[in-house]
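Structural characterization, general
The primary structure of each chain is shown beneath.
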Amino acid sequence: MSHPLCIMLVAAEASGDDRGAGLMAALKTQLGPDNVRFVGLGGQGMAAEGLVSAFDMSELSILGLLEGLLAYPKVVRRADEMAALAVRERPDVAILIDSWGFTLRVAQRLKAQLPDMPVIKYVAPQVWASRPGRAAVLARYVDHLLAIHTFDAPYFEKVGLPTTFVGNSTLSLDLSAADPVALRRRLAIGPDEPVLVVLPGSRPSEIARVLPPFEDAVALLKAARPNLQVIVPAAATVADVVKARVAGWPYRAHVVEGEADRYSAMKAATVALACSGTVTTELALAGAPMVVGYRLGPVTYAILKRLIRTDYVTLFNIAAQDFVAPELIQADCNGPKIAREIARRLDDPDLRRAQVEAQDRALAQMGRGGPDPSEAAARAVLKVLGRAA
């Protein structure tokens, strides 16, 4: 190779950072670390693989219609900066990871300013759930799609967008280093004490909307079960906010940070309470029965309710076409209803066991045990560039 391959990656949220980091590691393995360099935007995981991010990606952790409208000028400015970075660095390819609204704007600018540079989208918009017209929009601005679900491809190929199924990197999550026994010991939690693990999200807007009803539920549960131990793994993007909120709770809760403690907490959970998102798949892989909650802004929810074409929001529920884990959405995401569902699972080991078994079956339907998605994605990128081995 005459010069190192320059790859631009753009990720704007925690799950995208995870996928980006995995892809970077796989590309370095397949090409050799001296034969590839990276530019763009990412988080801590991508930084650990060698990316110097253009700015803090947490600025773009936006959820909801109103929040999106208010943040629009910033989104446009940052998309302009990404395009300017590409013009300066002249990467061989740009890979835009998830985050539909932001990465679409980046793609539009890249195609206008560098029309000969291939643009790859990694993770498809969920057109099978809502807004199927996004497939044709995406096809105008990107050259190839890396899909994480087996059911994605037909929606995009029929509008002329070449698509490669690479699998969901979350399903390859390695939990072998998780040590729930050591975590319990360190936090002075007895081996038989029940543990509720609370995961309120990784975006500031999720913390603002989801954490209050989660707090109400935990307060009700603690009042009825003083021996219930509560662990709150804090995502790096919202750690300061979460720690400040938990510090004000009238009972003790353990905030943990970092990947190792996060996965150990999942393994230690008797029951988990989770904000809808990638974390639900991680919890299922850890064997934790869970209750899922979510809230959006009222205007956003009213609009989405008319657009959504699926009854489920949790991926393994979608795969199973059943409420394997209960979903408490919008008005149903309130303290009493959440507490009731968690209490049922705390009190009934048979219910917990049945839910974990159903989650396992759904994970198999999603493709658990397949080839490593990061390696598959790296091979697909190199094939697009004509550099496949």
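A few points on the structure. Keep in mind that this is a model prediction, so the values were computed, not measured. (Residues numbered from 1 in each chain as written. Predicted model: local features only at pLDDT ≥ 70, side-chain atom pairs only at ≥ 80, totals over all residues. Heavy atoms only, no water.)

Focus on the pairing of strand E1 (residues 5-11)
- For E1, the tally of buried residues reaches 7 of 7 residues, placing the bulk of the element in the interior.
- A two-sided burial pattern is seen for E1, the buried positions comprising Leu5, Ile7, Leu9 and Ala11 on one face and Cys6, Met8 and Val10 on the other.
- Relative to strand E2 (residues 36-41), E1 runs parallel, the two sharing 6 bridges. Within E2, the position partnered with Met8 by the bridge is Val39.
- This β-α-β element, E1 to helix H1 (residues 14-31) to E2, shows right-handed connectivity.
- In terms of strand pairing, E1 meets strand E3 (residues 93-97) through 5 bridges, oriented parallel. When the bridges of E3 are listed, Ile7 appears paired with Val93. (Buried < 20%, exposed > 50% of the residue type's maximum accessible area, 1.4 Å probe, protein only. Helix = DSSP H or I, 4+ residues; strand = E, 2+ residues; numbered from the N terminus. Pairing = 2+ DSSP bridges. Right-handed = clockwise from strand over helix to strand, strands pointing away.)

Topic: the packing of helix H8 (residues 204-224) against helix H14 (residues 335-347)
- H14 packs onto H8 with a crossing angle of 50° between their chain directions and a minimal axis gap of 8 Å. On the basis of their axis angle, the class for H8 and H14 is oblique. Considering only the axes of H8 and H14, their crossing is right-handed. Across from Pro213, Phe214, Asp216, Ala217, Leu220 and Leu221 in H8, the residues of H14 making contact are Gly335, Pro336, Ile338, Ala339, Ile342, Ala343 and Leu346.
- Its residues assigned to classes, the contact of H8 with H14 comprises 11 nonpolar, 1 polar and 1 charged. (Axes fitted to C-alpha atoms, helices over the stretch in contact; angles between N-to-C directions. Parallel < 35°, antiparallel > 145°, perpendicular 65-115°, else oblique. Left-handed = near helix turned anticlockwise from the far one by under 90°. Contact = heavy atoms within 4.5 Å. Nonpolar A, V, L, I, M, F, W, Y, C, P; charged D, E, K, R; others polar.)

Side note on the nonpolar core
- Counting residues in each nonpolar core, the largest one holds 37 residues, and the members touching the most others are Val197, Leu199, Ile231, Met266, Leu283, Met290 and Phe316.
- Those elements giving two or more residues to this core turn out to be strand E7 (195-199), helix H10 (259-268), strand E10 (271-275), helix H11 (278-285), strand E11 (290-294), helix H13 (315-320) and helix H15 (349-366).
- Here Leu283 is in contact with Leu199, Met266, Ala272, Ala274, Ala288 and Met290, once residues within four sequence places are set aside. (Core = buried A, V, L, I, M, F, W, Y, C linked by side-chain atoms within 4.5 Å.)

Here's the deal with the pattern of salt bridges
- Within the structure shown, the criterion is met by 17 salt bridges.
- Close ionic contact of Arg203 with Glu13 constitutes a salt bridge, the shortest N to O distance being 2.3 Å. Placement of Arg203 in the loop between E7 and H8 and of Glu13 in the loop between E1 and H1 is noted, with a sequence separation of 190 residues between them.
- Of the residues examined, Glu13 reaches a relative accessible area of 11% and is grouped as buried.
- Among the ionic pairs, Arg345 bridges to Glu341, the shortest N-O distance being 2.9 Å. Placement of both Arg345 and Glu341 in helix H14 is noted, with a separation of 4 residues, approximately one turn of the helix. Taken as a pair, Arg345 and Glu341 share a single burial class, namely buried.
- What emerges from the salt-bridge pattern is a single network uniting Glu13, Arg203 and Glu206. (Salt bridge = Lys/Arg side-chain N within 4 Å of Asp/Glu carboxyl O.)

Notes on H15
- Under the 1.5 Å per step criterion, the end-to-end length of H15 is 26 Å for 18 residues, consistent within 8% with the ideal 26 Å.
- Among the residues making up H15, those that are buried are Arg352, Gln355, Val356, Ala358, Gln359, Ala362, Leu363 and Met366. For H15, the angular spread of buried residues about the axis comes to 165°, placing them on one side. Projecting away from the buried face of H15 at angles above 90 degrees are the exposed residues Arg361 and Gln365.
- Its buried side turned inward, H15 meets E10, H11, E11, H13 and H14.
- The opening residue of H15 is Asp348, an N-cap whose side-chain oxygen sits 3.0 Å from the backbone nitrogen of Asp350. (Expected span 1.5 Å × (residues − 1). Arc of directions from axis to C-beta. Polar contact = N/O pair within 3.5 Å; in protein donor to acceptor, adjacent residues only side chain to side chain.)

Observations regarding the sheet that holds strand E12 (residues 327-329)
- Reading across from one edge, E9-E8-E7-E10-E11-E12 is the order of the 6 strands in this open sheet, with parallel pairing throughout. Looking at strand neighbours, the two that pair on one side only are strand E9 (254-257) and E12, the edges of this open sheet. Neighbour to neighbour, the strand axes of the sheet diverge by 20° on average, direction disregarded.
- Bridge count between E7 and E10: 4 bridges; the pairing is parallel. Counterpart to Val197 in the pairing with E10 is Ala272.
- Contacts from H14 reach E7, E10, E11 and E12 within the one sheet, and its direction differs from that of E10 by about 150°.

Some details on the packing of aromatic side chains
- Applying the stated criterion across every chain, the model contains 2 aromatic pairs.
- When the centroid spacing of 5.6 Å and the interplanar angle of 45° are considered together, the rings of Trp249 and Tyr251 count as tilted.
- For Tyr251, a relative accessible area of 16% corresponds to the buried category.
- For Arg78, the ring lying beneath its charged end belongs to Phe55, and the centroid distance is 4.0 Å. (Phe/Tyr/Trp six-rings, centres within 6.5 Å; stacked < 30°, edge-to-face > 60°. Lys NZ or Arg CZ within 6 Å of the ring centre and 35° of its normal.)

Concerning the environment of Pro180
- Inspection of the secondary structure assignment puts Pro180 in helix H7 (residues 180-186).
- Between the alpha carbons of Pro180 and Ala260 there is a distance of 10.0 Å; along the sequence they are 80 residues apart.
- Ignoring sequence-local partners within four residues, the contact set of Pro180 consists of Ser264, Lys267 and Ala268.

Re unusual backbone geometry
- Here Val123, not a glycine, exhibits a phi torsion of approximately 90°, which is positive.
- Positionally, Val123 belongs in the loop between strand E4 (119-122) and helix H5 (134-141).
- The class for Val123 is buried, based on a relative accessible area of 5%.
- The residue Ala188 is not glycine, and still its phi comes out positive at about 60°.

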